[in-house]
Amino acid sequence: MSVRQRTFLRWLSLLAALFAFGLVMFGAFVRLSNAGLSCPDWPTCYGQVTWPQHAQAVAHADAAFPDRPYEAHKAWREQVHRFLAGTLGVMVLVLALVAAWRDRRVRTMVVVGAICAAIGVTMYMRGEHVFSSVLAGVAIAAPLFGAWWLGGSGARRISVLAFAVIVFQAMLGMWTVTLLLKPVVVTSHLLGGMLTFGLLSYMALRFAGVAAPDDRLRGLRTLVVVGVVLLACQIALGGWTSSNYAALACGYGPGSFPQCLGQWAPPTDFHEGFILWRGIGVNYEGGVLDMAARSAIQIAHRIGALVVFCYLGALAFKAARHGLRACALAIALILLAQVTLGISNVYFGLPLPVATAHNGVAALLLFALLATLARTQAMAPMSEES
């Protein structure tokens, strides 16, 4: 890979990572402001590329979707979120093409994936859902095979892998609407967004040359990977809590934390709270679970938060002892901020700015762990990254 290509990939991956972070924040804002179903169709909004803005268009939208009256203050949020996601998809496609340009076979797989994704969306809009699903599967599988063929573990391979992830993320966005906010889909959509951000961030770090001069930090690297896995599980629990409208299941104000509903052992139903699939056709807007099931989800999220807090706190201490003081300080400070935001969400009744920031700081914590992971990764040979 030429110096010019490497420089281009470094800056574009950084821009894409920053864009993905903003998209995670805006997606949380859309979700938490109850705008997830404000456009009842996909990828259009009440049949329009943007959203209805004139009286005639609004009347037509209400007639076409009588079960979902048009709400202007919400519809623009959902459709702008889709535009931003599409822009990020184009960035990741360019990253994958440039990274795979020297390998004709991998480059072809990326192009095939992009074409199938574009045709699949068109077929979906025409009502050809089966054909569209087949094309979407090819659009995901093609770059996955391309990443496998590319070999190695460097940033170029991650670039191609990220394109497959973002195509699947687009499908999750579609299912979020068509399956009426099904919790397992909404949670997966959050995880997909975090995964996209994580891949782009790690790619940017690697293209920027962030690495260790040798392999002496191998032991710490394993501990960081465990930390990333634990954080991913906690983010999934957070998504499950939000998508089941269980954030305030323990109440708010005095008695809501560390107790739940003023009790140390409130009624809970963990079995009901963690049923992943409940069939098709149920509208999950506002939640469908009873209080005992929602309390179980909230308590599980708190237990997970305690485990992650203890582990990452210990990891920060160990990283500092290994000389990674900047990474350790970043992990510790972001971790404290995240716990503070989580408690504030419960105590103050889920204020929209605080709840949105809670998602963003989770992404920042993921970035801090990935930066630490990059600092423990031995510098790759030029043949692998170039």
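As shown above, the structure is provided for reference.
Residues numbered from 1 in each chain as written. Predicted model: local features only at pLDDT ≥ 70, side-chain atom pairs only at ≥ 80, totals over all residues. Heavy atoms only, no water.

## Observations concerning the side chain of S201
Phase 1 of the analysis: Here S201 lies in helix α7 (residues 183-207).
Phase 2 of the analysis: Accessibility expressed as a relative area gives 2% for S201, which makes it buried.
Phase 3 of the analysis: In contact with S201, not counting residues within four places along its chain, are A17, F367 and L370. (Helix = DSSP H or I, 4+ residues; strand = E, 2+ residues; numbered from the N terminus. Buried < 20%, exposed > 50% of the residue type's maximum accessible area, 1.4 Å probe, protein only. Contact = heavy atoms within 4.5 Å.)

## Let's talk about the state of the cysteines
Phase 1 of the analysis: One pass over the full model with this rule turns up two disulfides.
Phase 2 of the analysis: Note on cysteine connectivity: C39 is disulfide-linked to C45, with sulfurs 2.0 Å apart. Between C39 and C45 the disulfide shows an S-S torsion of about -75°. By sign, it is left-handed.
Phase 3 of the analysis: Judged by its relative accessible area of 0%, C39 falls in the buried class.
Phase 4 of the analysis: For C250, the disulfide goes to C260, at an S-S distance of 1.9 Å. Linking C250 and C260, the disulfide has an S-S dihedral of approximately -85° and is accordingly described as left-handed. Of this pair, C250 sits in the loop between α8 (218-243) and α9 (270-273) while C260 sits in the loop between α8 and α9, and the two are 10 residues apart along the sequence.
Phase 5 of the analysis: Look at C250 and you get buried, because its relative accessible area is 2%.
Phase 6 of the analysis: For the protein, the bonded cysteines connect in the pattern 1-2, 3-4 when numbered consecutively along the sequence. (Disulfide = S-S within 2.5 Å.)

## What to know about the packing of aromatic side chains
Phase 1 of the analysis: Applying the stated criterion to the full structure yields 11 aromatic pairs.
Phase 2 of the analysis: Seen from their ring centres, F26 and F29 are 5.8 Å apart, and the 45° between their planes marks the pair as tilted. Of this pair, F26 and F29 both sit in helix α1 (residues 3-32), three residues apart, which is roughly one turn of that helix.
Phase 3 of the analysis: Arranged with centres 5.4 Å apart and planes meeting at 85°, the rings of Y46 and Y70 form a pair that is edge-to-face. Of this pair, Y46 sits in the loop between α1 and α2 (55-64) while Y70 is found in the loop between α2 and α3 (72-99), placing the two residues 24 residues apart along the sequence. (Phe/Tyr/Trp six-rings, centres within 6.5 Å; stacked < 30°, edge-to-face > 60°.)

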